[in-house]
Amino acid sequence: MRLLPYLILTLLSCQMSARPHILIVTATLGYRHESIPTAEHVLGLIAAEQDVDVSFARTEDEVRSRLTPPELASVNAVFFVNTTGELPSTVAEALLAWVRSGGTFVGVHSASDTWHGVPDYIEMLGGEFIGHPPETTATIIVDDSTHPATQSLPPLQFLYEEFYYFGSVDLSRLRMLLSLRARPEPPNDTGYFPLAWEKRFGNGRVLYTALGHREEVWLSPWFRLHMNGAVEWAVHPTAARPKRRAVRH
């Protein structure tokens, strides 16, 4: 009988010490970014620093096997990192249901150029890639300095990158994190061009950043801070409670 309390304490200890787990999807059925290996390496380092386990889905077959209800039940967050194209649509329903029920999703760069044919995915993400100008240097503005993904960033950052234009964006439903205030191509008209945001999808949480095209961006200290905060936010739901903020355009 003395063994039972010991077993209970052991089980509780194991549960308390369980490490968060994120699944990073880098599969592509369209353009494949050369920065993907660097992105995987950087995110792996960040996860190790935060004591987070990481697994990867790099191929169509791995996407089919990992984005299933049983597999998703074992992860804290799913990252779509530079994914492109119409990934296997059979798993989209499982992923969306998981997020709606309380899962956490992080999309990076061309995650918005993925599943254009799945309207609910675009709704979950909060925006859809529609094009980009040539790579250029632009001034990134931090819209919300209280979020883990932006709280360590300076208010302004000059960055040479491929900047996206978006459709299907409803700013009233987004917590804006980063933006441009001038079009990133001549004649550089002023305006509001979203780059990163947080939103809700059912009971789930979604974070998207349009940055991460270039290998040099992934290796920059500035973007490392951005992604470090994104990982922290993903595995710690209480790190920053969602809140609506008015953004001055």
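Above: the structure in question.
Okay, so let's go over this structure.

Let's shift gears to the sheet that holds strand S6 (residues 136-142). Taken in spatial order, the nine strands line up as S2-S1-S3-S4-S11-S10-S9-S6-S7 in an open sheet, and their pairing is mixed. Each edge of the sheet is formed by a strand with only one pairing partner; in this case those strands are strand S2 (53-57) and strand S7 (156-161). Each neighbouring strand pair of the sheet contributes to a mean axis angle of 25°, computed without reference to strand direction. Bridge analysis of strand S9 (residues 175-182) against strand S10 (residues 190-201) gives six bridges, and the strand direction is antiparallel. Each bridged residue has a counterpart across the sheet, and for Leu180 the counterpart in S10 is Phe193. Seen against the sheet, helix H8 (residues 221-235) touches strand S1 (21-25), strand S3 (77-81), strand S4 (104-108), S6, S7, S9, S10 and strand S11 (204-209) and runs at an angle of roughly 170° to S11.

We now examine the packing of aromatic side chains. Inspection of every chain in the model, using the stated rule, returns twelve aromatic pairs. Taking 6.1 Å as the distance between ring centres and 70° as the angle between the ring planes, the aromatic pair formed by Tyr164 and Phe166 counts as edge-to-face. What makes Tyr164 buried here is its relative accessible area of 5%. With a relative accessible area of 15%, Phe166 lands in the buried category. A centroid spacing of 5.0 Å and a plane angle of 40° characterise the contact between Trp197 and Tyr208, whose relative ring orientation is tilted. In this pair, Trp197 sits in strand S10 while Tyr208 sits in strand S11, placing the two residues eleven residues apart along the sequence. A relative accessible area of 0% places Tyr208 in the buried class. Stacked on the ring of Tyr165, the Lys or Arg Arg183 has its end atom at 5.2 Å from the ring centre.

Residue Pro187 is reached from Pro186 by a cis peptide bond, and omega for that bond is 5°. With respect to the secondary-structure elements, Pro187 resides in the loop between S9 and S10. Its identity is not glycine, yet Asp51 carries a phi of approximately 60°, on the positive side. Turning to its location among the elements, Asp51 is positioned in the loop between helix H2 (36-49) and S2. A positive phi angle, close to 50°, is found at His109, a residue other than glycine. Inspection of the secondary structure puts His109 in the loop between S4 and helix H6 (119-125).

Our next topic: H8. The end-to-end C-alpha distance of H8 is 21 Å, a good match for the 21 Å that 15 residues give at a rise of 1.5 Å each. Within H8, the full set of buried residues consists of Trp222, Phe223, His226, Met227, Gly229, Ala230, Val231, Trp233, Ala234 and Val235.

The end-to-end C-alpha separation of H2 is 20 Å, in line with the 20 Å expected for 14 residues at 1.5 Å each. Tucked into the core, H2 has its buried residues touching S1, S2, S3, helix H7 (215-219) and H8. Where H2 terminates, the next one or two residues include Asp51, which has phi positive at roughly 60°.

Turning our attention to the environment of Leu178. Position of Leu178 relative to the elements: it lies in strand S9. Residue classification places Leu178 among the buried positions, given a relative accessible area of 0%. Sequence-wise, Leu178 and Pro194 are 16 residues apart; in three dimensions their C-alpha atoms are separated by 6.4 Å. When sequence neighbours within four positions are dropped, the list of residues in contact with Leu178 reads Ile140, Ile141, Val142, Asp143, Thr150, Leu153, Pro194, Leu195, Ala196, Leu211, Trp222 and His226.

So, about the nonpolar core. In summary, soluble globular proteins display a tendency toward joint burial of nonpolar side chains. Ranked by size, the top nonpolar core spans 75 residues in total, and within it Val78, Phe79, Phe80, Phe105 and Tyr121 carry the most contacts. Looking at this core, the element that brings in the most residues is H8, giving eight residues. If near-sequence neighbours (up to four positions away) are discounted, Val78 is found in contact with Leu23, Val25, Leu67, Leu72, Leu95, Trp98, Thr104, Phe105 and Val106.

Bringing the pattern of salt bridges into the picture now. Taken as a whole, this structure holds 14 salt bridges when the rule is applied. A salt bridge links Asp144 to Arg175, with the shortest nitrogen-to-oxygen separation between them at 2.7 Å. Placement of Asp144 in the loop between S6 and S7 and of Arg175 in strand S9 is noted, with a sequence separation of 31 residues between them. For the pair Asp144 and Arg175, a shared accessibility class is recorded, and that class is buried. Among the charged side chains, a salt-bridge network with shared partners connects Arg19, Asp51 and Asp53.

How each quantity is defined
Each chain has its residues counted from 1, following the order in which its sequence is written. With the structure being a predicted model, the display of local features is reserved for residues of pLDDT at least 70 and the display and counting of side-chain atom pairs for 80 or more, all residues being used for whole-chain, interface and lining totals. With hydrogens and water stripped out, all remaining heavy atoms of the structure feed into the side-chain values. At least two bridges found by DSSP between two strands are what make those strands a pair. Numbering goes from the N terminus for both helices and strands, where a helix is a DSSP run of H or I of at least four residues and a strand is a run of E of at least two. Orientation is described by lines fitted to C-alpha atoms, with helices fitted over the stretch in contact, and by angles between N-to-C directions that extend from 0 to 180 degrees. Between two residues, a contact is recorded if the distance between any of their heavy atoms is within 4.5 Å. For this analysis, a ring pair means two rings from Phe, Tyr or Trp (six-membered ring only for Trp) whose centres lie within 6.5 Å, classed as stacked if their planes differ by under 30 degrees, edge-to-face if by over 60, and tilted for the remaining angles. Three labels apply to residues, based on accessible area from a 1.4 Å probe with only protein chains included: buried if under 20% of the type maximum, exposed if over 50%, partly exposed otherwise in between. Remark: a charge is flagged as sitting over a ring if the NZ atom of Lys or the CZ atom of Arg is within 6 Å of the ring centre and within 35 degrees of the ring normal. A helix is expected to reach a length of 1.5 Å times the quantity of its residues less one. To form a nonpolar core, buried Ala, Val, Leu, Ile, Met, Phe, Trp, Tyr and Cys residues must be joined to one another through side-chain atoms within 4.5 Å. One speaks of a salt bridge when a side-chain nitrogen belonging to Lys or Arg is within 4 Å of a carboxyl oxygen belonging to Asp or Glu.

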